[in-house]
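Examining the three-dimensional arrangement
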Amino acid sequence: MSVTATDVAVLDDPPTPAAAGRTRFRFLRGGKTRTGLLILAFFVILAVAGPWLAPYDPDAMSDQLLQPPSSEHWFGTTQTGQDVLSQILVGTRGVLLVGFLAGILATVLSVLIGVSAGFLGGAADEILSMLSNIFLVIPGLPLIIIIASFVEDTGDLLIAAVIALTSWAWGARVLRAQTLSLRRRDYVEAARATGESTWRIILFEVMPNLTAVIASGFVGTVIFAVLSEITLAFIGVADISHWNWGTVLFWAQSNQALAQGAWWWFVPAGLCIALLGTALSLINFGIDEFVNPRLRTATGSSRKVRMRVGFTPVVRTAPEESAQPGFTPVARPAAGAETAPSGAPESPGTPSKEHSA
């Protein structure tokens, strides 16, 4: 009796260099990530070229008082005839400057203190953890208000520095917890056994596994810094002579733009704030999907084999291995292929063990 041949799927060898290169950019394949990066890139362009793109001087007054949007003034004018579009374009730079500067400073502090505390342990961990706990309970906005009352010129750099100093502690606690779970891994112990220095192990063994957590913390800090800057300008704590979106809302609220029906005075600034927050949130969601396997969609899909009845995927063996005497080919299920439970009936297309030659 002849043995019925079994349909076999042969999985190819490891991916080519081109496929490996595509894997490196898997993070950019997500729809949320691409959308967030495009919106953020648009605002970055406005922040760089805004003063040159502004059609008018944002401080210049005219006789066109409180005019709705028109071909001459796309976003209308204020109660003193100032162009709202020019104010939005010029004010974009201050918002992004404070957001990214505070995010960078806070991320650097959280990485230095959090990773060092988690990896070194002992007395260093106790001291750095106590420092993080102290800064964790310091409120940022009240501190900026107090500082602004003593400083004559509360510029963007001072606000960014205060926001960074009061917002790094949470990220440091998260990084410390992640580092505690990584410092006893096998590859870290192997690097330590080969005589690698402590800082080299931290930089090349621990830090690459914390990249996603660091990036997520950076994006969250930027969102907090942007909202804090706009809030401080809206309540009049920041220097209102420097234009940003919060300053536009401050003057609109002070001149009762809502009561006068001048929606064009505050709606564009509100939409810009919402769009920037949405862009940063989408990037944060994309990072979560890339890191967390349970949330992966298009950003982390793996190679799958579609199974059918009588179809057994096996791994291709090397020619030299099959040429050895006494070699018996064995069908090994591919990665991701489900095996039938013990005692379950075999599929009709699969030859049973009772078949004989």
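See the structure shown above.
Below you will find a few notes about this structure.

Parameters and conventions
Residues numbered from 1 in each chain as written. Predicted model: local features only at pLDDT ≥ 70, side-chain atom pairs only at ≥ 80, totals over all residues. Heavy atoms only, no water. Phe/Tyr/Trp six-rings, centres within 6.5 Å; stacked < 30°, edge-to-face > 60°. Helix = DSSP H or I, 4+ residues; strand = E, 2+ residues; numbered from the N terminus. Buried < 20%, exposed > 50% of the residue type's maximum accessible area, 1.4 Å probe, protein only. Contact = heavy atoms within 4.5 Å.

1. As for the packing of aromatic side chains
Scanning all chains against the criterion turns up 6 aromatic pairs. For the ring pair Phe-43 and Trp-245, a centre distance of 5.6 Å and an interplane angle of 65° mean the geometry is edge-to-face. Here Trp-245 lies in helix 11 (residues 245-254) and Phe-43 lies in helix 2 (residues 31-53), a separation of 202 residues in the sequence. With 6.2 Å between their ring centres and 45° between their planes, Phe-100 and Phe-218 make a pair best called tilted. Taken together, the residues span a long stretch of sequence, with Phe-100 in helix 3 (residues 84-120) and Phe-218 in helix 10 (residues 211-234) at a distance of 118 residues. Accessibility expressed as a relative area gives 25% for Phe-100, which makes it partly exposed. Given a relative accessible area of 23%, Phe-218 falls into the partly exposed group. Ring-pair connections join several aromatic residues into one group, and the members of that group are Phe-42, Phe-43 and Trp-245.

2. Side note on the environment of Arg-192
Here Arg-192 is to be found in helix 8 (residues 186-193). Setting aside its immediate chain neighbours within four residues, Arg-192 contacts Phe-119, Arg-183, Arg-184 and Ile-201.

Function cannot be read off these values alone, since they describe shape.
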